[in-house]
Amino acid sequence: MAYFPVAVSFGVAAGKAGFTLAEAAFLSLFIYAGASQFLALALLAGGAPLLLSVLSLLAMNARHLIYAPALLAALGPRAEVKRAWLWSFGLTDEVFASALGRAADPDHPWSERWMTGLGLGAYAAWVTGTVVGAALGGGAFERFRAVDAALGFLLPALFLSLLLAMLSRRQLLAVAAAAAGFALGAAFFSLTSGILIGMLLGGLAGASVAARAARTEEAAP
Amino acid sequence: MSLEVLIFSLVVGAGTYLFRYLPTRLGATVSRPSGGLGRLLNGFLASVGVSAVTALLLASLLPYLGLEPWRAWLGAATTEGRATVVASLVGLAATLLLFRWRRSVAVATLLGAAAYGVAWWLLA
């Protein structure tokens, strides 16, 4: 699990954005959704209205709606949901991907117990990493300028890696639209507006690609 | 602690938990909404995440490759400006190559940032 180092970079980013250690820990304890927490930092530190920030994060996390049904469908008759109230809390992007891999593995059967263990381990790594990072990002390395510079660059390096991990040919139009939306919003309004307009235009581009794919499907004999 | 961050975390956390939990009560049959509007919504939701990461990447790059660092390097010819711009390009290239090599977000992030730090230290 790669959660710990990514959580450290979240904590560092939170510290550098002016959040206290407790505030960073709260974001990780309650929200527990990697990429969207970075969006939370940008929006809250940028002074975006609270309701708009909440709605933006919920829009970004709404993709999690399809994870449990996709996992249960992959498990078929082996699916169990007795303890789903517990393991579903930890159904993040990476845990979902690992669980799908387990569901397809005939030698190591999926179980609610395994799923709960995986989720709790990842959650513990995420929260601990956040606290460690927030302590470092709060200025512990200011005297070591090269280390401080490297800690600051964790953020662009992380977003580039996440983008590469998420990117598919189908998403290229959304990425271009998001970049254009960000550039327009940042040039004419503010950084926060740029992020929100980029998300909106990227989402609309994704919807238009889906609509075009559906039309092509229907037109096929 | 700011009350705003606490309320924000609780509300978004509750919503995200419900996104993950509620479908387990409905079973595997409700995997995706169908019909025209459902397809549009799926397309939108599938792209919002990658769009947010794109916008966040660009926002995070502004202090490194935005107008200011270039101006500091080319206009005032400061060592610090040159170090920031060149080290950023080194850091991004390292991140890209490491991701292609190991397909790991953690490895590419950590070593990409380390490459930036080393390049910055050598140039500044």
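Keep in mind it's a predicted model, so treat the numbers as computed, not measured.

## Focus on the interface of chain A and chain B
Consideration 1: Contacts between the two partners involve 83 residues from chain A, matched on the other side by 66 residues from chain B.
Consideration 2: Overall, the association of chain A and chain B removes approximately 6600 Å² of surface from exposure, summing both partners, and the carbon and sulfur fraction of that is 79%.
Consideration 3: One can count zero salt bridges joining chain A with chain B.
Consideration 4: At the boundary of chain A with chain B, the tally comes to 11 residue pairs in polar contact (both at pLDDT 80 or more).
Consideration 5: No other element matches the 19 residues that helix α9 (residues 145-166) of chain A contributes to the side of chain A that touches chain B.
Consideration 6: Partitioning the side of chain A that touches chain B into residue classes produces 66 nonpolar, 12 polar and five charged.

## Observations regarding the packing of aromatic side chains
Ring pairs (aromatic) are described by centroid distance and by the angle formed between their planes.
Consideration 1: Counting across every chain of the model gives 16 aromatic pairs over all chains.
Consideration 2: Measuring from ring centre to ring centre gives 6.3 Å for Tyr3(A) and Tyr32(A), while their planes differ by 80°; the resulting arrangement is edge-to-face. Residue Tyr3(A) is located in helix α1 (residues 3-16), and its partner Tyr32(A) is located in the loop between α2 (21-31) and α3 (34-45); the two are separated by 29 residues in the primary sequence. Per residue, the accessibility class of Tyr3(A) equals that of Tyr32(A), and both read buried.
Consideration 3: Geometrically, the ring pair formed by Phe89(A) and Tyr123(A) is edge-to-face, given 5.1 Å between the ring centres and 90° between the ring planes. Of the two residues, Phe89(A) sits in the loop between α6 (84-87) and α7 (93-103) while Tyr123(A) sits in helix α8 (residues 112-140), which places them 34 residues apart along the sequence.
Consideration 4: The exposure class assigned to Phe89(A) is partly exposed, which follows from its relative accessible area of 23%.
Consideration 5: Here the aromatic cluster, defined as three or more aromatic residues joined through ring pairs, consists of Tyr3(A), Phe10(A), Tyr32(A), Phe38(A), Phe89(A), Tyr123(A), Trp126(A), Phe159(A), Tyr17(B) and Tyr21(B).
Consideration 6: The residue whose ring lies beneath Arg102(B) is Trp101(B), and the NZ or CZ to ring-centre distance is 5.3 Å.

## Details of the side chain of Gln37(A)
Consideration 1: Tracing the backbone shows Gln37(A) in helix α3.
Consideration 2: Within the structure, the side chain of Gln37(A) is placed 3.0 Å from the side chain of Ser28(A), a separation counted as a polar contact.

## Details of α7(A)
Consideration 1: Taken as a whole, α7(A) has its buried residues at Val95(A), Phe96(A), Ala99(A) and Ala103(A). The arc that holds every buried residue of α7(A), seen down its axis, measures 100°, which confines them to one face.

## A few points about a nonpolar patch on the surface
Consideration 1: Together, Leu184(A), Phe188(A) and Phe189(A) line one region of the surface with nonpolar side chains, adding up to about 400 Å² of accessible area.
Consideration 2: Take Phe189(A): it is sitting in the loop between α10 (172-188) and α11 (191-219).

## What to know about the confidence of the model for chain B
In low-pLDDT segments, the atomic positions of the prediction should not be examined closely.
Consideration 1: Per-chain confidence: chain B averages 85 in pLDDT, with 92% of residues scoring 70 or above.
Consideration 2: Per-element confidence in chain B ranges from a low mean pLDDT of 78 for helix α3 (residues 67-75) of chain B to a high of 93 for helix α1 (residues 3-26) of chain B.

## So, the environment of Arg103(B)
Consideration 1: Take Arg103(B): it is sitting in the loop between α4 (79-102) and α5 (105-123).
Consideration 2: Residues Arg103(B) and Leu26(B), spaced 77 residues apart in sequence, show a C-alpha to C-alpha distance of 35 Å.

## Overview of the packing of α9(A) against α5(B)
Consideration 1: Across the interface, α9(A) lies against α5(B) with an axial gap of 7 Å and an inter-helix angle of 140°. One way to sum up the angle between α9(A) and α5(B) is to call them oblique. For the element pair α9(A) and α5(B), the recorded crossing hand is right-handed. Between α9(A) and α5(B), the residues in contact are Arg145(A), Ala146(A), Ala149(A), Ala150(A), Phe153(A), Leu154(A), Ala157(A), Leu158(A), Ser161(A), Leu162(A) and Ala165(A) and Val105(B), Ala108(B), Thr109(B), Leu110(B), Gly112(B), Ala113(B), Tyr116(B), Gly117(B), Trp120(B) and Trp121(B), respectively.
Consideration 2: Per-class residue counts for the contact of α9(A) with α5(B) are 16 nonpolar, four polar and one charged.

## Concerning α9(A)
Consideration 1: Between its first and last C-alpha atoms α9(A) spans 32 Å; for 22 residues at 1.5 Å apiece the expected length is 32 Å, and the two agree.
Consideration 2: Of all the bends found along α9(A), the most pronounced is centred on Leu154(A) and spans about 30°, while Pro156(A), a proline, follows it within four residues.

## Notes on the nonpolar core
Consideration 1: If you look at the biggest cluster of nonpolar residues, it comprises 92 residues, and the most contacted ones within it are Leu71(A), Leu91(A) and Phe8(B).
Consideration 2: Looking at this core element by element, the count peaks at 12 residues for helix α2 (residues 35-65) of chain B.
Consideration 3: What Phe8(B) contacts, discounting residues up to four positions off in sequence, is Leu27(A), Ile31(A), Ala40(A), Leu44(A), Leu50(A), Ser53(A), Val54(A) and Leu57(A).
Consideration 4: By size, the runner-up hydrophobic cluster in this structure holds five residues, among which are Val8(A), Val12(A), Leu151(A) and Leu154(A).

Conventions and cut-offs
- Residues numbered from 1 in each chain as written.
- Chains lettered and ligands numbered in written order.
- Predicted model: local features only at pLDDT ≥ 70, side-chain atom pairs only at ≥ 80, totals over all residues.
- Heavy atoms only, no water.
- Contact = heavy atoms within 4.5 Å.
- Buried area = accessible area lost by both parts, 1.4 Å probe.
- Salt bridge = Lys/Arg side-chain N within 4 Å of Asp/Glu carboxyl O.
- Polar contact = N/O pair within 3.5 Å; in protein donor to acceptor, adjacent residues only side chain to side chain.
- Helix = DSSP H or I, 4+ residues; strand = E, 2+ residues; numbered from the N terminus.
- Nonpolar A, V, L, I, M, F, W, Y, C, P; charged D, E, K, R; others polar.
- Phe/Tyr/Trp six-rings, centres within 6.5 Å; stacked < 30°, edge-to-face > 60°.
- Buried < 20%, exposed > 50% of the residue type's maximum accessible area, 1.4 Å probe, protein only.
- Lys NZ or Arg CZ within 6 Å of the ring centre and 35° of its normal.
- Arc of directions from axis to C-beta.
- Patch = residues over 30% accessible without salt bridge, like charges linked within 9 Å, V, L, I, M, F, W, Y side chains within 5 Å.
- Areas by Shrake-Rupley, 256 points an atom, 1.4 Å probe, with all protein chains shown as cover.
- pLDDT = per-residue confidence, 0-100.
- Axes fitted to C-alpha atoms, helices over the stretch in contact; angles between N-to-C directions.
- Parallel < 35°, antiparallel > 145°, perpendicular 65-115°, else oblique.
- Left-handed = near helix turned anticlockwise from the far one by under 90°.
- Expected span 1.5 Å × (residues − 1).
- Bend = angle between axes of the 7 residues up to and from the residue.
- Core = buried A, V, L, I, M, F, W, Y, C linked by side-chain atoms within 4.5 Å.

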